[in-house]
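A structural walkthrough
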Amino acid sequence: VRRVILVLGDQLSPELAVLRDGDPEQDVVVMAEVPDETGYVPHHPKKIALVLSAMRHFAEELRADGWTVRYFRLEEDGPRSICGALMAVHQEVSPEEVVAVRPGEHRLIEALEACPVGVRMVEDDRFLCSVDRFRDWAQGRKELRMEWFYREMRRETGLLMDGDQPAGGTWNYDKQNRKPAQRSLLQSGPMEFTPDAITETVLAMVRERFAENFGTLDPFTFGVTRTQARRALAHFVKTQLPGFGDTQDAMLLDEPYLNHGVLSVYMNLGLLLPREVCEAADAAYRDGQVPINSAEGFIRQILGWREYVRGIYFLKGPEYVTSNTLGHTRDLPAAYWGGETDMRCIREVVAQTRDLAYAHHIQRLMITGNYALLLGVDPAQVHEWYLSVYADAYEWVEAPNTVGMSQWADGGVVASKPYVSSANYIDRMSDYCTGCAFDPKVKVGEGACPFNLLYWDFLVRHRERFEGNRRMGVVYKAWDGMGEEKRREVLRGAETLGEVI
Ligand code: FAD
Ligand code: SF4
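Values in this document were obtained by computation on a predicted structure and should not be read as measured data. Residue indices begin from 1 for each chain and proceed along its sequence in written order. Chain A is the first chain written and ligand 1 is the first ligand written, with later ones labelled in order. With the structure being a predicted model, the display of local features is reserved for residues of pLDDT at least 70 and the display and counting of side-chain atom pairs for 80 or more, all residues being used for whole-chain, interface and lining totals. With hydrogens and water stripped out, all remaining heavy atoms of the structure feed into the side-chain values.

A few words now on the site of ligand 2. In the vicinity of ligand 2, the contacting residues are M343, C345, A423, I426, Y432, C433, C436, F438, P440, C449 and F451. Using protein atoms alone on a 1 Å grid, points that fit a 1.4 Å probe yet trap it form a cavity, whereas open point sets bounded by protein on both sides within 12 Å along at least five of seven lines form a pocket; residues with an atom within 4 Å of a point count as lining. Think of it this way: if more than half of a molecule's atoms are within 2 Å of a pocket's grid points, that molecule is in the pocket or cavity. Of all the cavities here, the one that holds ligand 2 is the second largest cavity. For the shell around ligand 2, a count of residues per class yields 11 nonpolar, no polar and no charged. One heavy atom within 4 Å of a molecule or strand is enough for the residue carrying it to be called near that molecule or strand. The residue classification treats Ala, Val, Leu, Ile, Met, Phe, Trp, Tyr, Cys and Pro as nonpolar and Asp, Glu, Lys and Arg as charged. All others, Gly included, are polar.

Have a look at this one:
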């Protein structure tokens with residue numbers, strides 16, 4: 001055997017660099033389901049089933065293409081770690097070398113670096129911007145901002161470009177994409193799939209082994225192959241993308257998806273490549289099927305945000321995930337793990353997360369993220385929650401979004417100002433407040449929404465840090481203009497709230 005080629009659970013792409021350069025005649029592929037990976041956080045059972053079933057399908061496809069695949073199943077109780085699996089195969093086949101595409105997580109990179117078999121790691125070139133390219137872009141800049149990176153990526157890839165000008169004449173159509181929730185926005189949601197025999201076997205095993213983990217396993221409707229992921233993409237472009245921009249920030253009871261495609265699940269596994277997803281959106285715009293605000297809004301999320309947060313994750317190194325600039329130390333409320341709460345918005349988003357292993361961006365950012373930040377929860381606990389409960393959660397993308405964008409724990413690397421809001425924003429963008437035990441319009445006293453009390457409490461606690469921020473001066477002016485008695489009442493309200501949450 002010439003090479004042992006490691007393929008990880010989120011590297012399920014036929015174009016993976018090590019497969020491209022490999023030779024089915026001489027090389028052996030290793031894929032391993034191991035307790036260290038299924039257990040480093042309490043993953044949602046749907047997420048575990050998704051990854052393991054997709055891995056098993058991918059292994060079958062590799063075999064059909066002539067590869068020899070040494071596959072370790074979790075129920076065989078084999079090696080505990082990826083390195084353990086590599087050592088076992090190394091002993092069996094004595095290869096000339098062991099190769100892998102660099103994992104998307106510092107934890108696993110370090111484990112492979114320390115593995116006695118000696119793993120040669122090559123770059124993951126499935127992204128639109130390499131780690132080195134991002135580092136060059138970031139070098140020497142006083143402030144990193146996604147928007148500038150995004151424009152460079154547009155120019156570089158030619159996506160939504162007319163020559164050297166942005167398609168439609170404007171780079172960013174975000175202003176058109178902040179429409180509040182309306183029932184007429186209802187859409188069919190993403191494509192769903194029926195489990196086949198391989199998935200059923202995985203589901204039975206996950207049901208038995210991970211019964212204690214937070215999250216509902218059934219029904220399981222994710223696709224688990226590249227063919228299914230391609231169908232999900234086509235369905236999204238045809239039925240959801242046209243209205244994507246209009247509904248991007250809206251939240252509706254019992255409508256978890258609106259026009260969100262849940263394609264992160266497939267992209268993050270490697271079943272879809274970001275380039276093909278962006279190209280599909282670009283082509284639909286050129287064909288006149290999709291308006292520019294939707295095409296641009298969607299492409300920005302992938303070509304912009306997704307590539308940008310990956311760049312930040314690798315630029316900032318392993319310590320990034322433990323950042324805690326605001327010194328927050330509270331425990332994550334039990335409501336995040338399904339405990340009782342009278343706050344309808346939190347209840348809805350957590351219930352949806354438990355049932356689907358999914359919430360869309362504004363739910364993650366402005367409901368669960370916003371509330372944890374206002375409360376002052378330890379960002380490490382918030383990070384662990386997000387990494388556990390969402391089917392698309394891998395550290396390279398989850399951590400900058402949670403630690404950076406949502407909790408401002410990185411001191412403003414990802415977000416120029418903290419994403420906090422009072423109930424007013426939630427009431428405008430959702431229908432969650434209808435029938436809630438609290439009143440979004442009540443600022444203090446009986447029935448006051450916790451978001452209203454904690455919003456001011458947060459701003460007062462961190463006044464020194466944020467007062468000088470040019471986008472926040474106006475809120476401090478509003479606070480000062482409120483009158484001393486009312487201000488005292490608000491802060492007292494926030495304090496008493498703290499004792500009951
Ligand atoms: P759509 O709304 O249909 O968006 C299209 C695509 O754009 C997504 O599939 C995704 O790949 C990409 N995208 C959009 N926003 C972002 C972003 N901020 N960062 C990276 N990619 C983005 N995304 C993950 O993929 N994994 C995570 O673990 C994750 N954790 C998050 C944690 C927090 C606190 C927040 C605020 C956001 C997080 N996101 C994460 C980003 C975003 O919420 C999800 O990508 C999105 O909700 C996925 O659903 P979708 O495919 O239906 O998205
Ligand atoms: Fe959430 Fe407050 Fe609205 Fe209730 S009133 S749903 S707690 S924002």
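With that settled, consider the site of ligand 1. Neighbouring ligand 1 are 28 residues; H260, V262, N268, Y358 and N401 lie closest to it. In the analysis that follows, any N or O atom pair within 3.5 Å is treated as a polar contact, provided that within protein one partner can donate a hydrogen and the other can accept it, and provided that, for residues neighboring in sequence, both atoms belong to side chains. Note that an oxygen atom of ligand 1 is positioned 2.6 Å from one of the side-chain N or O atoms of H260. Here an oxygen atom of ligand 1 and a side-chain polar atom of N268 are 2.8 Å apart. Residue-level accessible areas treat just the shown protein chains as cover; the underlying method is Shrake-Rupley with a 1.4 Å probe. Within the complex, 99% of the 820 Å² of free accessible area of ligand 1 lies under protein. Those elements that place two or more of their residues in the shell around ligand 1 are α11 (264-269), α13 (292-316), α15 (361-375) and α17 (395-406). Here the shell around ligand 1 gets 6 residues from one element, more than from any other, and that element is α17. Where each domain starts and ends follows an automatic or database-derived domain assignment. Inspection of the shell around ligand 1 shows a minimum of three residues originating in each of domain 2 (131-195 + 209-315) and domain 3 (334-500). Secondary structure is summarised from DSSP: a helix means a run of H or I of at least four residues, a strand means a run of E of at least two, and numbering begins at the N terminus for each.

Take the sheet that holds strand β4 (residues 97-101) next. The 5 strands lie next to each other as β3-β2-β1-β4-β5, forming an open sheet whose pairing is parallel. Of all the strands in the sheet, the pair left with one neighbour each is β3 (68-72) and β5 (119-122). The sheet shows a mean angle of 25 degrees between the axes of neighbouring strands, direction not considered. Here 3 bridges tie strand β1 (residues 3-6) to strand β2 (residues 28-32), and the two strands are oriented parallel to one another. Residue pairing across strands places I5 opposite V29, the latter belonging to β2. In this description, contact between two residues means that some pair of their heavy atoms is separated by no more than 4.5 Å. To get an axis, fit a line to the C-alpha atoms, keeping to the stretch in contact for a helix; angles then go from 0 to 180 degrees between the N-to-C directions. Helix-sheet contacts for helix α3 (residues 45-64) involve β2 and β3, and the interaxial angle to β3 is about 160 degrees. Two strands pair under a simple rule: DSSP has to find at least two bridges between them.

Let's shift gears to the layout of surface pockets. By volume, the second largest pocket amounts to about 300 Å³. Elements with a minimum of two residues in the lining of the second largest pocket: α6 (131-138), α11 and α13. The class makeup of the residues in the lining of the second largest pocket is 9 nonpolar, 6 polar and 9 charged. Grid points are joined across faces, edges and corners, and a volume is the space filled by probe spheres set on the points.

Before going further, it helps to examine the packing of aromatic side chains. To pair, rings of Phe, Tyr and Trp, with the six-membered ring standing in for Trp, must have centres within 6.5 Å; the planes then decide the type, stacked if under 30 degrees apart, edge-to-face if over 60, and tilted in the middle. Following the criterion strictly, the structure yields 24 aromatic pairs and no others. Both rings, one in F134 and one in W137, keep their centres 5.5 Å apart while their planes meet at 45 degrees; by these two values the pair is tilted. Of this pair, F134 and W137 both sit in helix α6, 3 residues apart, which is roughly one turn of that helix. For F134, a relative accessible area of 1% gives the class buried. Classification of residues uses two cut-offs on accessible area relative to the type maximum, computed with a 1.4 Å probe and protein chains only: under 20% is buried, over 50% is exposed, and between them is partly exposed.

For a helix, the expected span equals 1.5 Å multiplied by the residue count minus one. Between the first and last C-alpha of helix α4 (residues 82-93) there are 17 Å, a value that for 12 residues agrees with the 16 Å anticipated at 1.5 Å per step. Regarding α4, the residues found buried are I82, C83, A85, L86 and V89. Projected down its long axis, α4 carries its buried residues within an arc of 155 degrees, all on one side. At the C-terminal side of α4, S94 shows a positive phi close to 40 degrees. By definition, the arc is the one covered by directions from the helix axis to the C-beta atoms.

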